[in-house]
Amino acid sequence: MSVVSYQLEGDIGVIRLNNPPVNALSHALRSGIQDAVTQAQDDASLALVLMCEGRTFIAGADISEFGKPPMLPSLPELLIVLEASKKPIIAAIHGTALGGGLETALACHYRCALPSAQVGLPEVKLGLLPGAGGTQRVPRLTGVKAALDLMTTGAPIAAAQALNIGLIDKVVEGDLLSAALDFANEVIAQGAELKRVSDLEVDKTTASAEFFAEYRKTLSKRLRGQEAPHRIVECIEAALNTPFDEGLKVERRLFVECMQSSQSGALQHMFFAERMSSKVKDLPKDTQLKDIKRVGIIGGGLMGGGIAMNFVNVGIPVTLLEISQEALQRGKDLIAKNYAMTVSKGKLTVELATQRQDMITGTTDYNDLADMDLVIEAVFENLDIKKQVFAKLDNVCKQGAILASNTSYQDVNLIAQSTSRPQDVIGLHFFSPANVMKLLEIVRGDETSDEVVATSMAIAKSIKKVPALSRVCYGFIGNRMLRHYAREAQLCLLEGSTPQNIDAVMQKFGMAMGPLAVGDLAGIDIGYKAREGLTDEQKGDVRTYCIADALYEMGRLGQKTGAGYYQYDPETRQRSVDPVVMEVIEAQAKKRGVERKVISDKTILDRLTFALINEGFKILEEGIAQRPSDIDVVYAFGYGFPAYRGGPMFYADTIGLEKIYHTVCEFADTYGEEFWQPAALLKQLVEEGKTLTQWANS
Ligand code: T1G
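Every value quoted in this text rests on a predicted model; they were computed, and no experiment measured them.

This part takes up the packing of helix α5 (residues 144–153) against helix α8 (residues 209–222). For any two helices packed against each other, the geometry is given by the interaxial angle and the distance between the axes. Packing of α5 against α8 brings their axes to within 12 Å, and their N-to-C directions diverge by 20°. Between α5 and α8, the angle is such that the two are roughly parallel. Pair α5 / α8 crosses with right-handed handedness. Listed contacts from α8 to V144, K145, L148, D149, T152 and T153 of α5 are F211, F212, Y215, L219 and R222. Per-class residue counts for the contact of α5 with α8 are six nonpolar, two polar and three charged.

Taken domain by domain, the protein comprises domain 1 (4–251), domain 2 (295–476) and domain 3 (479–623 + 656–697). Of note, the centres of domain 1 and domain 2, computed from C-alpha atoms alone, are 42 Å apart.

Under the present numbering, the feature "domain: 3-hydroxyacyl-CoA dehydrogenase NAD binding" (unreviewed entry) in UniProt falls on residues 295–468. This span, residues 295–468, is 41% helix and 20% strand, and a straight line between its end C-alpha atoms measures 21 Å.

Quick look at the site of the ligand now. Taken together, 25 residues lie around the ligand, and R55, A61, E103, E123 and R275 are the ones closest in. A distance of 2.7 Å is found between an oxygen atom of the ligand and a side-chain nitrogen or oxygen belonging to R55. At a separation of 2.7 Å, an oxygen atom of the ligand approaches a polar side-chain atom of E123. In terms of residue count, the dominant contributor to the shell around the ligand is helix α11 (residues 262–276) (three residues). The residue inventory of the shell around the ligand, partitioned by class, reads 15 nonpolar, four polar and six charged.

What follows covers the environment of I316. One can find I316 in the loop between α12 (302–312) and β11 (318–321). Residue I316 is classed as buried on the basis of its relative accessible area, which comes to 11%. Measuring from C-alpha to C-alpha, the distance between I316 and Q357 comes to 11 Å, with 41 residues separating the pair along the chain. Residues contacting I316, with those up to four places away along its chain left out, are I292, K293, R294, V295, F311 and M359.

Tallied over the full model, the rule gives 13 aromatic pairs. With a centroid separation of 5.8 Å and an interplanar angle of 80°, the aromatic rings of Y110 and F183 are classed as edge-to-face. Residue Y110 is found in strand β6 (residues 110–113), and its partner F183 is found in helix α7 (residues 176–190); the two are separated by 73 residues along the sequence. In terms of burial, Y110 and F183 fall into one category: buried. Taking the centre distance of 5.8 Å and the plane angle of 35° together, the rings of F211 and Y215 count as tilted. Note that F211 and Y215 are positioned in helix α8 at a spacing of four residues, about one turn of the helix. These aromatic residues form a ring-pair network of at least three members: F211, F212 and Y215. Positioned above the aromatic ring of Y671 is the side chain of R607, whose terminal nitrogen or guanidinium carbon lies 3.8 Å from the ring centre.

The general pattern is negative phi for most residues beyond glycine and trans for most peptide bonds. The peptide bond linking P20 to P21 adopts the cis configuration, its omega dihedral lying at 5°. Residue placement: P21 occurs in the loop between β2 (12–17) and α1 (27–40). Following L72, the chain continues to P73 via a peptide bond in cis, the omega torsion being 0°. Its place among the elements puts P73 in the loop between β3 (47–52) and α2 (75–84). For F476, which is not glycine, the phi dihedral falls at a positive 55°. Mapped onto the secondary structure, F476 falls in the loop between β17 (466–471) and α18 (478–495). Non-glycine residue R573 carries a positive phi angle of around 60°. Position of R573 among the secondary structure elements: in the loop between β18 (567–568) and β19 (575–576).

What counts and what doesn't
- Residues numbered from 1 in each chain as written.
- Predicted model: local features only at pLDDT ≥ 70, side-chain atom pairs only at ≥ 80, totals over all residues.
- Heavy atoms only, no water.
- Axes fitted to C-alpha atoms, helices over the stretch in contact; angles between N-to-C directions.
- Helix = DSSP H or I, 4+ residues; strand = E, 2+ residues; numbered from the N terminus.
- Parallel < 35°, antiparallel > 145°, perpendicular 65-115°, else oblique.
- Left-handed = near helix turned anticlockwise from the far one by under 90°.
- Contact = heavy atoms within 4.5 Å.
- Nonpolar A, V, L, I, M, F, W, Y, C, P; charged D, E, K, R; others polar.
- Domains from an automatic or database assignment.
- UniProt positions renumbered as here; feature names shortened; annotations may be inferred.
- Near = heavy atom within 4 Å.
- Polar contact = N/O pair within 3.5 Å; in protein donor to acceptor, adjacent residues only side chain to side chain.
- Buried < 20%, exposed > 50% of the residue type's maximum accessible area, 1.4 Å probe, protein only.
- Phe/Tyr/Trp six-rings, centres within 6.5 Å; stacked < 30°, edge-to-face > 60°.
- Lys NZ or Arg CZ within 6 Å of the ring centre and 35° of its normal.

Below you can see the structure in the form of structure tokens.
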């Protein structure tokens with residue numbers, strides 16, 4: 001089946017693209033469009049319509065072709081052909097016109113779109129910039145500010161907004177083809193000069209040198225550490241100050257720089273990793289999905305309330321169970337507060353917020369969960385309490401209901417064994433705030449059925465989460481690796497560093513927050529309570545938690561008490577260094593016989609990141625995670641690991657496994673084998689001279 005068809009509809013030549021699933025601009029599509037446009041120059045058509053079959057207009061360049069030998073026509077070359085057409089070309093947009101898709105539409109002479117259509121330039125999310133004339137054409141239509149916002153956010157905008165800022169000429173209702181044909185006939189009837197965007201001038205009143213300097217400053221904060229956004233600014237400056245063809249050359253040069261950057265490689269890896277993580281390796285293709293129409297949630301606290309919002313946000317009603325009416329009311333008040341915050345930011349209407357809250361029914365009676373298709377337990381992180389809850393659910397819920405725990409550490413197999421239906425039990429580990437964080441760790445018990453796993457993956461996507469499948473182990477994927485990262489942070493603190501130094505190193509690396517600031521945010525009491533009741537052996541080396549415990553015993557729990565590893569301004573919650581903390585650290589070092597010495601930033605970075613990576617290798621060799629890229633998804637979407645470094649496992653390949661392995665062996669000699677056992681898989685790949693990516697693809 002050809003990916004491009006061409007036929008005359010009256011006086012209009014219609015070019016239809018059909019390259020499922022998203023009409024990405026593959027080589028076949030590019031050459032097909034070029035052939036159709038060339039053919040149409042000499043036929044009876046008076047104008048051309050370019051449109052797509054399937055669910056969307058062109059979703060951009062074909063990312064799967066990146067890194068492969070270029071095949072002509074390149075997209076920029078094709079767009080020169082389109083714009084040079086002696087007959088007007090009207091782009092007819094439905095679904096999304098993204099990246100090269102929007103650039104293709106901009107090389108046409110007119111653009112119309114359905115009201116539901118969206119347009120955008122998401123290249124920056126791939127560490128790129130619009131490399132087919134977008135940086136030169138967009139500002140000619142919208143002015144500088146709107147062009148910069150579109151390209152540096154990468155966010156799609158609705159057709160109406162695109163019309164507003166001049167990106168499209170008309171929003172059309174009804175059948176797209178007939179509307180586009182009508183629009184084409186209007187264009188013919190006007191007999192106007194062909195409107196080529198490249199002939200337009202950028203409105204110079206829309207930008208000054210100060211504006212660009214200020215914009216660069218905001219980018220350094222908003223997109224800290226990322227290179228592509230600054231190159232986008234350079235392209236827009238070229239559009240403002242140089243002729244179109246010169247600007248294209250600047251764009252081409254900077255696009256190639258982006259394409260060759262490690263950041264773009266990492267972000268392209270994340271693009272595919274995010275889509276791969278919902279695929280379950282050993283699941284039969286014909287696995288049946290359960291129908292999830294009603295959801296029950298047990299526990300209306302911070303997590304339960306946030307989880308409930310995910311479902312009502314996509315129209316799935318929730319029954320929220322708490323132990324008392326007062327607790328229920330507290331839960332509902334918390335949800336109302338969250339929605340009010342979203343409404344105040346203009347991201348939701350009051351009506352919709354009310355409508356969603358009305359889909360949450362409160363109860364204190366387990367029998368009201370009898371008809372639920374899925375029940376998610378989000379009670380206190382205690383195994384015995386969870387077992388009691390699941391035993392009740394086992395008695396009450398209909399056969400075939402999915403019984404899920406939001407546990408972040410407990411053994412899902414033990415929870416499943418407290419029911420007569422372990423095949424229906426699974427872990428759905430949401431991350432706080434549950435209505436915001438995109439990661440959902442799906443924890444498959446030994447007896448969890450394929451249907452329940454497949455349905456959980458489908459549910460994750462329907463509530464707009466990014467899922468990652470984990471087998472059962474303490475802490476699953478994310479929190480298990482976090483323990484080793486946090487251990488090294490604590491040891492660096494005790495052995496000579498400071499909270500602000502360690503956090504600065506990790507923030508400079510690209511982490512959203514440093515580990516000590518994260519500790520204050522989550523609460524120092526979380527770790528303390530998790531250690532309560534454990535034997536000394538279970539707690540591990542006291543050096544890895546003695547400072548945290550000392551702070552806890554001083555009542556310094558972190559942000560919630562205004563002081564932890566830092567002190568916090570009661571109004572702004574701004575953190576600042578607190579000399580008391582150094583006294584605590586030095587006292588603990590003395591008590592543990594640790595002689596404090598300066599630790600270099602590089603050593604801090606390697607100890608924290610290699611601890612994470614080494615544990616990731618163990619998780620892979622134990623079969624806890626399906627693939628390295630799933631671990632990358634967990635860390636980028638759940639723990640603030642910089643996506644432009646591709647996640648911890650992609651980063652390992654960037655550093656080189658041999659370097660990591662030898663450094664881990666050195667750390668074992670220096671800091672003790674108790675902490676630094678090189679993972680067998682890491683050792684094996686180094687001996688075989690393989691990268692992790694090669695191993696994953698083998
Ligand atoms: N190239 C190749 N494959 C793509 C693709 C693309 N651009 N976009 C999506 N796919 C695949 C995806 O991997 C998945 O495959 C399937 O399509 C469905 O995707 C020169 C250089 C369009 C909003 O960044 O944002 O143009 O897993 O699961 O949720 O300036 O896909 O089924 O095998 O995401 O309905 C810029 C990326 C490229 C858009 C649809 N464009 N795509 O979302 O489906 S760079 C983008 C999306 C560029 C130019 C530059 C979304 C979507 P599989 P999906 P969806």
